[in-house]
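Tertiary structure, described
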2 protein chains.
Amino acid sequence: MKLLFVLLLLSMSVGVRGAASVADDPRPEKTEKTKVSAEPGSSAAFSGKLLVVPMDGSHWVGIKAIAQELGRRGHRVTVVIPEVSMRMGPGKHYDTLTHPVPYGQADIDVMVSMHGSMVRSDGPFMERMKTKFHHIKRVIDFIHVTAESLLFNDSFISYLEQQEFDAVLTDPVIPSGSLIARKLGLPTINLLRGIPCSLDMKAAGCPSPPSFVPRFFTGLSDRMNFKERLINTLVALLEPLFCRLLFWRFNNIAHKFLKEEVSVAEVLSESDIWLLRIDFTLEFPRPLMPNMILVGGINCDLRKPLPQDLEQWVSGRHGFIVFTLGSMIPDMPEEITSVFIEAFRQIPQTVIWRYAGKVPDNIPKNVKLMKWVPQNDLLAHPGARAFITHAGSHGTFEGLCHAVPMLMFPIAGDQPDNAAKMANRGVGVVLDISTVTTEGLLQGLNELINNTRYKENIQRLSALHKDRPVDPLGLSSFWTEFVMRHKGTKHLKAAVHDLNWIQYYCLDVAALLAAIVLLFVILTVKCMKLCLQKLGKKKKQD
Amino acid sequence: MKLLFVLLLLSMSVGVRGAASVADDPRPEKTEKTKVSAEPGSSAAFSGKLLVVPMDGSHWVGIKAIAQELGRRGHRVTVVIPEVSMRMGPGKHYDTLTHPVPYGQADIDVMVSMHGSMVRSDGPFMERMKTKFHHIKRVIDFIHVTAESLLFNDSFISYLEQQEFDAVLTDPVIPSGSLIARKLGLPTINLLRGIPCSLDMKAAGCPSPPSFVPRFFTGLSDRMNFKERLINTLVALLEPLFCRLLFWRFNNIAHKFLKEEVSVAEVLSESDIWLLRIDFTLEFPRPLMPNMILVGGINCDLRKPLPQDLEQWVSGRHGFIVFTLGSMIPDMPEEITSVFIEAFRQIPQTVIWRYAGKVPDNIPKNVKLMKWVPQNDLLAHPGARAFITHAGSHGTFEGLCHAVPMLMFPIAGDQPDNAAKMANRGVGVVLDISTVTTEGLLQGLNELINNTRYKENIQRLSALHKDRPVDPLGLSSFWTEFVMRHKGTKHLKAAVHDLNWIQYYCLDVAALLAAIVLLFVILTVKCMKLCLQKLGKKKKQD
């Protein structure tokens, strides 16, 4: 039961985590119910047609950046989005194509506001679990209903088929785009942080030896003792089961949509390029496949100038603190809010706090509450002294990119793992949101701001992270264009998908070799026994 | 014995293969016995000091290109070379530092000329084997004597120590540079095609599952049946033994030089960056580690204009053929030479033949013999119709880069593997140099030149190969500078070197799990037996 709960938590987390805490500004993005917008002119030497099937929430940021860039480079980019969504909408350089969904904006707002239940620590335990479970079920239903209303909209899919796209760019955590690509016979580019049951690695045929590749949610490093390796191996052995549970409904959708007995795992194994939003300044070194491209930090360069009203807040002598917990905040209970308010009252820095809930009365003068903050632009400002964050993957990269030490309150999904890694590198401090005290908060902030070790560490890590031959957006665009130009990446895909697991691990070969060795040993022993017996007989005769 | 012979063949092949068949012109490179040449001025933002310990022969090409580029970028680059060598010498943008060796240019010339024995098919078999063995032993002695005269030159090593370099760039197939790096406590950048016993992959901690990663010299692809997987697994199991044999003398040198009980494998595992001269247009897709960078084709962009006398040869209406077999040619027996001459007499194309042996009398008018040819510049010419080559790694990449179909006569080392891969992709034809006939040759050339399939295939492959975000030389230079700037790449090196093979494969964990399962099964069976017995007794009593 607990396992199932973790999985549900997780799929929710990848669905809507950090929905309002990342760089791009959702304000101007009101989804227009255009069917197909104007086609931008082409100026590039090669002009292709790209279909984009994005994911909502923070996952939208990276996909949108690539869609914009490809459009800017002269390709015709078509982004498929539901009629109503959290963040997705039109952009200057791409067309949008909307499909109807059986819910309204109000339903989404309710769902997002319920997300705050994740940090609640008041009330009886069973009651809280029930609320959380109810919320997670709602998120999962939302994801599947959205996917079904896209995939089983026959006229919409037929329309896509007629467009003769060159490739599909998608986020395979919700595999609608991958299924459409298979249906339309198109090559796929995936942009993702990772699939929690390691389905991405499995689909790409990438070895992940449990001896030095720690699994999601274990909190383990790449240096493990026997007990840790045992835990990691058990998790690795259970991963196929996790995957079945996570993609159980999508496997049914796949059968129905593709009209063939094919699993999501098989569909994903055809992916041409995996753009992974990871970076080895944070991840532990691990094997990769030739069609895996690292683009961690793709969101860091998406910068705009700060609005005028924020400029005066960030120009104080003592600098400022950026505080966002993504979509977790709106419903944060009052007793936790007051802990933060009391701590902020006692520090010289100004605080810019992304807070979409009911505004408390006793806000100190140095604190500015905003329903949305330009997080990346704020972190890029030289006055940023600390970043209070839930350690979502986008926020972590933005803090790293701009070298701002972090006070982390991980809540779900990959956040505890991200936070542990940052703390392990001496660039941040981890606290628990449900038990945090004013003293603990003050102590943490004091450490980050006044102990130069944190700033020095994150500056060094940031320099490593940013020192690369091609920036992540450029690299993502290059590989997307590559797939469009060459109609796939057959030469980069490993020949592992015709192998079953016995063949993959050469267990049949091992069995044969073991049998031969055994036979040899048995024969040798028998021979020796015979010789000894004969020798014994001879001696007796003598 | 045969195994040892293959290994010897192999180490020879990596030592001197293709010594005169690659792109850069050895003519102006007479090694000057300067101790330290003029220090070039620095203009770059970061100016470091790079020590380069190269390998002779064709291996020099890539290393020289990086040394030149780094010098051009404003770093102080010092290249260590022996007093006499086959190809190594000064360049415009780096200093050379020469060390004495106990042999002269004449000894090298004799060794190179003896290399032709590799293609000889006349005379009794045992006699030929003896000659080959004698030659290989000479090459191996030459390699070790050169290394010893560098490493045990105490004043030279002390001088290097005083220079306070930031990093060492080397070719680890001959690990002198790696040993110096360890002695001096410097980070290392390796440039190589691959170490035949997969020591590079092992040292970098890179998984190479034998189920889809074919081993050197097996001629297998990434799609294997049971028998092929059995062969591949056996070769993989024997690799550690091959490595021991290959590096046996160097392991002794390492102990003596470093004054510690450390093997070459352990020294190489500290390498910071592996610049691999491979590319997945030729190789089968396989896992890689984060500190492995693919720079196959690094030699293609090293182009100069063709000399005047060659221009008229290449401008004929029917185009021309480039014919080089590297250092194999000088001693090619007359009966093989005449096969080629007779074939060339019957074709309309002109032929530019790299031929350093005794010039035959009956050379047709359309054939030009030259002691050295600007191979890369010729292949880049639009008139090039076919490339007759021994399929060395540099030549293969030059043919691929400039999209010239290849007639291949692989002789040793990785050449049969290279040739098989090119033929498999339909861009060339493989023939055996010791059994080739005029008819076979004509047929092969006719196929390549007049069947458009070959040209189309290689044009498609070439387009794939050249479509990359950063050119190989730029990428090599970037990562060399990266190592110099950050004093290594700790964050990119996998944590596998503290694991023994039992831990690496989690065999201890597997044993524990198997024991638990076994115990569980035994207990269950015992319990059931007991229950059945009791039930039986009860029934009897009833």
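Residues numbered from 1 in each chain as written. Chains lettered and ligands numbered in written order. Predicted model: local features only at pLDDT ≥ 70, side-chain atom pairs only at ≥ 80, totals over all residues. Heavy atoms only, no water.

With that out of the way, let us pick up the overall build of chain A. Looking only at helices and strands, one finds 20 helices and 13 strands in chain A. Among the 542 residues that make up chain A, the fraction classed as buried is 61%. Residue pairs at least 24 apart in sequence account for 70% of intrachain contacts in chain A once pairs closer than 6 positions are excluded. About 22800 Å² of surface is accessible on chain A, with carbon and sulfur atoms providing 58% of the total. (Helix = DSSP H or I, 4+ residues; strand = E, 2+ residues; numbered from the N terminus. Buried < 20%, exposed > 50% of the residue type's maximum accessible area, 1.4 Å probe, protein only. Contact = heavy atoms within 4.5 Å. Areas by Shrake-Rupley, 256 points an atom, 1.4 Å probe, with all protein chains shown as cover.)

What follows covers helix H14 (residues 393-401) of chain B. Residue and element names in this part refer to chain B. For H14, a buried count of nine out of nine residues is recorded, marking the element as mostly surrounded by other parts of the structure. Buried residues of H14: Ser393, His394, Gly395, Thr396, Phe397, Glu398, Gly399, Leu400 and Cys401, and no others. Close packing links the buried residues of H14 with helix H2 (59-72), helix H13 (375-379), strand S11 (384-389), strand S12 (406-408), helix H15 (415-424) and helix H17 (452-466). Just downstream of H14, Ala403 is the residue with a positive phi angle, here 55 degrees.

Trans peptide bonds make up the majority, and among non-glycine residues the majority have a negative phi. For Lys487(A), which is not a glycine, the phi torsion comes out positive at approximately 60 degrees. Among the structural elements, Lys487(A) can be located in the loop between helix H18 (472-486) and helix H19 (501-504). Since its relative accessible area comes to 55%, Lys487(A) is described here as exposed. Despite not being glycine, Lys259(B) has its phi angle at roughly 55 degrees, a positive value. Relative to the helices and strands, Lys259(B) is located in the loop between helix H9 (248-258) and helix H10 (264-268).

Here the focus is the nonpolar core. Membership of the largest hydrophobic core comes to 192 residues, with the highest contact counts inside it found for Leu160(A), Ile180(A), Leu160(B) and Ile180(B). Sequence-distant contacts of Leu160(B), defined by excluding residues within four places in its chain, comprise Leu51(B), Val80(B), Leu97(B), Phe165(B), Ile180(B) and Leu184(B). Ile347(A), Tyr355(A), Val436(A) and Leu442(A) belong to the second-largest nonpolar core, a separate cluster that totals 30 residues. (Core = buried A, V, L, I, M, F, W, Y, C linked by side-chain atoms within 4.5 Å.)

Quick look at the relation of the copies chain B and chain A now. The transform that puts chain B on chain A rotates by 180 degrees and translates by 0.0 Å along the axis, for an RMSD of 0.1 Å. Taken together, the rotation and translation describe the operation of a two-fold axis. No C-alpha of chain B approaches the rotation axis more nearly than that of Leu288(B), which lies at 2.7 Å. When the interface residues of chain B are mapped onto chain A, 100% of them again fall at the interface, so both copies present the same face. (Least-squares fit on C-alpha atoms with pLDDT ≥ 70 in both.)

Chain B puts 49 residues into the contact, and the matching count from chain A is 49 residues. Summing both sides of the interface, chain B and chain A together bury roughly 4100 Å²; the carbon and sulfur share of this comes to 72%. Our count for the contact surface shared by chain B and chain A stands at six salt bridges. In this structure, the salt-bridge partner of Asp498(A) is Arg223(B), at a minimum N-O distance of 3.1 Å. For the pair chain B and chain A, the interface holds 13 residue pairs in polar contact (both at pLDDT 80 or more). Of all the elements in the fold, those that place two or more residues in the side of chain B that touches chain A are helix H8 (226-246), H17, helix H18 (472-486), helix H19 (501-504) and helix H20 (507-541) of chain B. Looking at side-chain class alone, the side of chain B that touches chain A contains 32 nonpolar, seven polar and 10 charged residues. (Buried area = accessible area lost by both parts, 1.4 Å probe. Salt bridge = Lys/Arg side-chain N within 4 Å of Asp/Glu carboxyl O. Polar contact = N/O pair within 3.5 Å; in protein donor to acceptor, adjacent residues only side chain to side chain. Nonpolar A, V, L, I, M, F, W, Y, C, P; charged D, E, K, R; others polar.)

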